[in-house]
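Here is how the chains run, residue by residue.
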Amino acid sequence: MRLLQLKHELEAHGLVLRGAFEVGPEDHVPPLAHAMPAAALVLVGNVGSSLWPQFAASPEYCDGRRDPLDRWSQRIGDALAARYGARALYPFGGPPHYPFQRWASRAESVHPSPLGLAIHPEHGLWHAYRFALAIDQMPDDLAPTPEYASPCLGCAKRPCLDACPVGAFTGTEYRIGACMLHLRDTPGGACMQLGCAARCACPVSAPSRYDSQHAAFHMQAFVIAQSSE
Ligand code: B12
Ligand code: SF4
Ligand code: SF4
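Residues numbered from 1 in each chain as written. Chains lettered and ligands numbered in written order. Predicted model: local features only at pLDDT ≥ 70, side-chain atom pairs only at ≥ 80, totals over all residues. Heavy atoms only, no water.

### So, the domain arrangement of the protein
Logical step 1: Partitioning the protein into structural domains gives domain 1 (3-150) and domain 2 (152-227).
Logical step 2: On a C-alpha basis, the centres of domain 1 and domain 2 stand 23 Å from each other.
Logical step 3: Each side of the interface is counted separately: domain 1 has 25 residues, and domain 2 has 22 residues.
Logical step 4: For the pair domain 1 and domain 2, the summed buried area comes to about 2,100 Å², and 69% of that belongs to carbon and sulfur atoms. (Domains from an automatic or database assignment. Contact = heavy atoms within 4.5 Å. Buried area = accessible area lost by both parts, 1.4 Å probe.)

Structure representation (structure tokens):
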């Protein structure tokens, strides 16, 4: 596999190559076909609202059925896996969950933030992962990952921890019950319409914030998923 070629293919879907790394036993990547161990893992996701135009025009978004973004991701991930002889792994569908945030920190310079979301030096909190491709050989053009310090280290005021209207983030835990009550009580409120206020309060890479339609889609999906649990 050449990462440059994959990168171009992903661009057509609004997806972004999020890095790759050589797999070790501590990464807990499942085996490929015939129990062959994976040699490398390639991560794919979105930065800002990169995927929104393509996803919003997709059959999955328009068919009114459940989990459109997961189904869209799966269609693209499965097709790429078949073409590259890879195994596609998804962040959804658990538990158990594949450790995507841990894998992300192996693939590129992201760090845990006080909100639990991984923070990226360029995209801040406005990025996520759609799938990973496990492959049997190292990509020909894998470059070393540059290391950047976490932006949170230089953020003394930590405005993300003060912005939630119901104090759902304590710095060590996320009180999902309090958050969910607020979201259900205020369907027209800022969190539901523009995205989590704590996430929006982070000053890092404000221009990468999700477009309002994209943000509202995720918040609605989040409430629907929690309501059906
Ligand atoms: C379960 C889950 C949730 C649960 C619980 C999350 C939790 N913190 O416990 C719920 C439903 C609450 C949730 C909510 C959201 N989630 Co979520 N979630 C997951 C999921 C499916 C599994 C996480 C997990 O348990 N992993 C298992 C462990 C073993 O994996 P790990 O990588 O080793 O675990 C690391 C993280 O869990 C992290 N971590 C977890 N909690 C905390 C808390 C703190 C304080 C810190 C520092 C670190 C940290 O540390 C671990 C070690 O590295 C992941 C996808 C995935 N498969 O990873 C998405 C994921 C973490 N979620 C994601 C997102 C975006 C959200 C939402 C913002 C969705 C939305 N509305 O848009 C919300 C947050 C709500 C809000 N108000 O902001 C993204 C995060 C992207 C990023 N930039 O890091 C992920 C990676 C999914 C994706 N497709 O990219 N989520
Ligand atoms: S507001 Fe500061 S501490 Fe919070 S996520 Fe952003 S950079 Fe990190
Ligand atoms: S979505 Fe709103 S209520 Fe929920 S944690 Fe974020 S700021 Fe708090």
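### Brief notes about the environment of P151
Logical step 1: Assignment of secondary structure puts P151 in the loop between β6 (127-135) and α6 (176-185).
Logical step 2: Separated by 79 residues in sequence, P151 and W72 have C-alpha atoms that sit 32 Å apart.
Logical step 3: Beyond its immediate chain neighbours, meaning those up to four positions away, P151 contacts I119, H120, P121 and V204. (Helix = DSSP H or I, 4+ residues; strand = E, 2+ residues; numbered from the N terminus.)

### Quick notes on the pairing of β6
Each regular strand shows side chains that alternate between the opposite faces of the sheet.
Logical step 1: Where burial is concerned, most of β6 is hidden: eight out of the nine residues are buried.
Logical step 2: Where strand β2 (residues 40-47) meets β6, eight bridges bridge the pair, whose relative direction is antiparallel. If you follow V42 over to β6, its bridge partner there is L133. (Buried < 20%, exposed > 50% of the residue type's maximum accessible area, 1.4 Å probe, protein only. Pairing = 2+ DSSP bridges.)

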